[in-house]
Amino acid sequence: MTAICPIVFATIKEFIRRKDFYVLLILFCVLLTISSMQNFFQIENVSRYVRDVGYSLTVFFSFLIAVTVSAGQLPREIENKTVYPLLAKPISRRMVVFSKFCASAAVSVLSFLLFFIAFLAFDVMKTGGLNPLLFAQAAIFGTLFLCMVCAFVIFLSTFMTFAANITVSILTYLFITGFSDSLRDFSIYTKGAAAICSEIVYYLIPHFDFFNIRIRLTHEWGTLPLWVIASVGAYTVTYSFFLLYFAGVIFGRKKL
Amino acid sequence: MEQILSVKNLSYTYKAGRVNVKALDDLDLEICRGEIFGFIGPNGAGKTTTIKLILNILPLQNGKIKISGEDSSKPKTRLKVGYMPESAVYSRYLTPKELLYMYGRIFGIRKSLLKQRISELLALVDLEKEGSRLIGTFSKGMMQKVSFAQSLINEPSVLILDEPTSGLDPVLRKKMRETILNLRDAGKTIFFSSHELSEVELISDKIGILNKGRLLATGPTKSFMGKKEEGLSLENYFLNLIKEKQ
Ligand SMILES: Nc1ncnc2c1ncn2[C@@H]1O[C@H](COP(=O)(O)OP(=O)(O)O)[C@@H](O)[C@H]1O
Ligand SMILES: [Mg+2]
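Residues numbered from 1 in each chain as written. Chains lettered and ligands numbered in written order. Predicted model: local features only at pLDDT ≥ 70, side-chain atom pairs only at ≥ 80, totals over all residues. Heavy atoms only, no water.

## Points about the overall build of chain A
- Counting its secondary structure elements, chain A contains ten helices and zero strands.
- Of the regular secondary structure in chain A, the N- to C-terminal order runs α-α-α-α-α-α-α-α-α-α.
- Counting only C-alpha atoms and orienting by the principal axes, one finds that chain A spans roughly 60 × 55 × 35 Å.
- In chain A, which comprises 256 residues, the share counted as buried stands at 51%.
- The long-range fraction of contacts in chain A, counting pairs at least 24 apart against all pairs at least 6 apart in sequence, stands at 81%.
- Distance from the positive charge centre (20 side chains) to the negative charge centre (12 side chains) of chain A: 13 Å. (Helix = DSSP H or I, 4+ residues; strand = E, 2+ residues; numbered from the N terminus. Buried < 20%, exposed > 50% of the residue type's maximum accessible area, 1.4 Å probe, protein only. Contact = heavy atoms within 4.5 Å. Lys, Arg positive; Asp, Glu negative; His and termini not counted. Charge placed at Lys NZ, Arg CZ, Asp CG, Glu CD.)

## What to know about the nonpolar core
- Judged by nonpolar contacts, the single largest core of 156 residues is most densely connected at Phe101(A), Phe145(A), Phe148(B), Ile153(B), Ile160(B), Phe191(B) and Ile209(B).
- Those residues in contact with Ile209(B), other than ones at most four positions away along the chain, are Ile40(B), Arg214(B), Leu215(B), Leu216(B), Ala217(B), Phe224(B), Tyr237(B), Phe238(B) and Leu241(B). (Core = buried A, V, L, I, M, F, W, Y, C linked by side-chain atoms within 4.5 Å.)

## Comments concerning the coordination of the magnesium ion (ligand 2)
- The protein atoms that coordinate the magnesium ion (ligand 2) are Thr48(B) (OG1) and Glu86(B) (OE), at distances spanning 2.0 to 2.7 Å. Here Thr48(B) is found in helix H1 (residues 47-54), whereas its partner Glu86(B) is found in the loop between strand S6 (81-84) and helix H2 (96-106), with 38 residues between them in sequence. (Donors = N, O, S within 2.8 Å, 3.2 Å for Na, K, Ca; no water.)

## Thoughts on a nonpolar patch on the surface
- A surface patch of nonpolar side chains, about 490 Å² in accessible area, is lined by Ile26(A), Leu27(A), Val30(A), Leu31(A), Ile34(A) and Met37(A).
- If you trace the backbone, Met37(A) turns up in the loop between helix H2 (20-36) and helix H3 (46-79). (Patch = residues over 30% accessible without salt bridge, like charges linked within 9 Å, V, L, I, M, F, W, Y side chains within 5 Å. Areas by Shrake-Rupley, 256 points an atom, 1.4 Å probe, with all protein chains shown as cover. Salt bridge = Lys/Arg side-chain N within 4 Å of Asp/Glu carboxyl O.)

## Here we look at the pattern of salt bridges
Residues and elements named next belong to chain B.
- Under the counting rule described, the total for this entry stands at 19 salt bridges over all chains.
- A salt bridge links aspartate 25 to lysine 22; its shortest N-O distance comes to 4.0 Å.
- Residue aspartate 25 is classed as partly exposed on the basis of its relative accessible area of 23%.
- A salt bridge links arginine 177 to glutamate 199, with the shortest nitrogen-to-oxygen separation between them at 3.2 Å. Of this pair, arginine 177 sits in helix H5 (residues 170-185) while glutamate 199 sits in helix H6 (residues 197-203), placing them 22 residues apart in sequence.
- Bridged by salt links that share partners, the residues Arg173, Arg177, Glu196 and Glu199 form one connected network.

## Quick look at the site of ligand 1
Residue and element names in this part refer to chain B.
- Around ligand 1, the surrounding shell consists of Tyr14, Ala16, Val21, Ala23, Pro42, Asn43, Gly44, Ala45, Gly46, Lys47, Thr48 and Thr49.
- With respect to ligand 1, the backbone of lysine 47 contributes an N or O atom lying 2.8 Å from an oxygen atom.
- In isolation ligand 1 exposes 560 Å². Once the protein is present, 64% of that is buried.
- Those elements that provide at least two residues to the shell around ligand 1 are strand S1 (3-16), strand S2 (19-32) and H1.
- Across the shell around ligand 1, the residue classes tally to six nonpolar, five polar and one charged. (Near = heavy atom within 4 Å. Polar contact = N/O pair within 3.5 Å; in protein donor to acceptor, adjacent residues only side chain to side chain. Nonpolar A, V, L, I, M, F, W, Y, C, P; charged D, E, K, R; others polar.)

## Things to note about the packing of H2(B) against helix H4 (residues 140-151) of chain B
Residues and elements named next belong to chain B.
- In the contact formed by H2 and H4, the axes pass within 10 Å of each other and the chain directions differ by 30°. In terms of axis orientation, H2 runs roughly parallel to H4. Crossing handedness for the pair H2 and H4: right-handed. Contacts between H2 and H4 involve Pro96, Leu99, Leu100 and Tyr103 from the former and Val146, Ala149 and Gln150 from the latter.
- In the contact of H2 with H4, the residues fall into six nonpolar, one polar and no charged. (Axes fitted to C-alpha atoms, helices over the stretch in contact; angles between N-to-C directions. Parallel < 35°, antiparallel > 145°, perpendicular 65-115°, else oblique. Left-handed = near helix turned anticlockwise from the far one by under 90°.)

## A short note on the environment of Ile54(B)
- Note that Ile54(B) resides in helix H1.
- Spatially, the C-alpha atom of Ile54(B) lies 8.9 Å from that of Leu5(B), the residues being 49 residues apart in sequence.

## Points about the sheet that holds strand S3 (residues 36-40) of chain B
All names here are of chain B.
- Strand order in the open sheet formed by six strands is S6-S7-S8-S3-S9-S10, and the pairing between neighbours is mixed. Each end of this open sheet is capped by a strand with a single partner; those strands are S6 and strand S10 (214-220). Neighbour-to-neighbour, the strand axes of this sheet turn through a mean angle of 15°, independent of strand direction.
- Bridge count for S3 against strand S8 (residues 189-194) is five bridges, and the pairing is parallel. Across the sheet, residue phenylalanine 39 finds its bridge partner in S8, namely serine 193. (Pairing = 2+ DSSP bridges.)

## A closer look at the interface of chain B and chain A
- In this complex, chain B contributes 27 residues to the contact, which on the side of chain A involves 23 residues.
- With both chains or domains summed, chain B and chain A bury close to 2,400 Å², and 67% of this area falls on carbon and sulfur atoms.
- On the chain B side of the contact with chain A, Ile57(B), Tyr93(B) and Ile106(B) bury the most area, a combined 27% of that side's loss.
- Taken together, chain B and chain A are joined by one salt bridge.
- Ionic pairing is found between Arg17(A) and Glu98(B), a salt bridge with its closest N-O pair at 2.7 Å.
- Where chain B packs against chain A, one counts eleven residue pairs in polar contact (both at pLDDT 80 or more).
- In terms of residue count, H2(B) provides more of the side of chain B that touches chain A than any other element does, five residues in total.
- Per-class residue counts for the side of chain B that touches chain A are 19 nonpolar, four polar and four charged. (Buried area = accessible area lost by both parts, 1.4 Å probe.)

In structure tokens:
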């Protein structure tokens, strides 16, 4: 366990010194500014619109950071051969995988929080008020979402190249956020093998859609009950645990 | 003398697609405390493979490896082992200080002790001024120095160096040899590989000659020097030996 903190801190330092994040943050602010100017274009209820776009951008941008940061962790260590001095330390391969997960999750959540603060600032300016508890819940969901994304991408990175991993992760995310409801409907309204198959697929896929509270936030539907948050939290921990367990097994057997 | 590193019946075969590459064939090595062991062999002889097996980076297929009498597969046995890899490119966005700090913390070294050790190590490899510069701006020689410093962060009793002088200029080579000798005099055991005979000859107490995964000869450096007096330089001896066994 002693390895986790040093690896996390080193990764955060590297992340701060690379310029990727600043570029995304500037782009993020530009997009938010543009979207908040939509009242020029006579859209009704612009505050709701700003919130909708702002939250989606916050989630998507931190998702991109989570994917690019996690996908590079293990492959870069192998490519630069720094994995050898690392493995020569008193640390098991599983612990290397877990530390890399913690590092990616820390970096992703950190950038999510920064995006989120920028988003909040815009939101307060445009709408003049918000439900703090609802926004706190949105932050918790964002954090859980990013942990799950990091676990998923780290898992893929034990057998995929950087580029393939990013492509697969983004496509998976788009597919699941776009079609998981249709998959559910399909399994309900069909019968036989097709129904069973789609049912199984529905329960196996990483449900990135569970974390999406954009509509609730946009329409201020009120806060979620505690049990919902607890269930989503338990789901995240369980799913990530299995992903990281298999990642550890695959990386443990890898010939380096 | 007390044995600190022992390798018995070590064989290793890489499976690269459908072809099998036999990298090591029934290798035996014995390294005693406080000696410098020079592991020589041409490129592709199996030196790096041996080192990776000793460090448990590759899984054992055959044979036994013991470090200070303990099985090398346990992470714990690596607490007192230092390792400098062949050609690692350390993170360009960290400084040597930060890198050494990270590795030191992985070993569980206390923060106050670690700070002091880092400045000692940076002084040892002549990187005091560059300690807070990003590694991305370093030359190859400086990268090697970082790599060497990194291998000493846990005050290892066994130091394993894979081609430590490759790619260094003559001045740095000499410095590296002196440092290795000083470390030996401070009681450390050093196992280093090289394909350059002159290097090995100059500092090793004991030599092992490896070719195509087989140990052709091993013994105190002096015993090879004897052959030198017969007009046979270590280089010629080495070349003859390799030719003979083919
Ligand atoms: N990952 C690998 N896959 C297949 N063959 C390998 C691999 N690594 C090394 N080899 C082969 O094993 C032999 C020994 O390699 P190595 O231990 O790196 O030699 P050395 O360090 O002495 O130059 C070589 O023939 C090399 O081609
Ligand atoms: Mg080698």
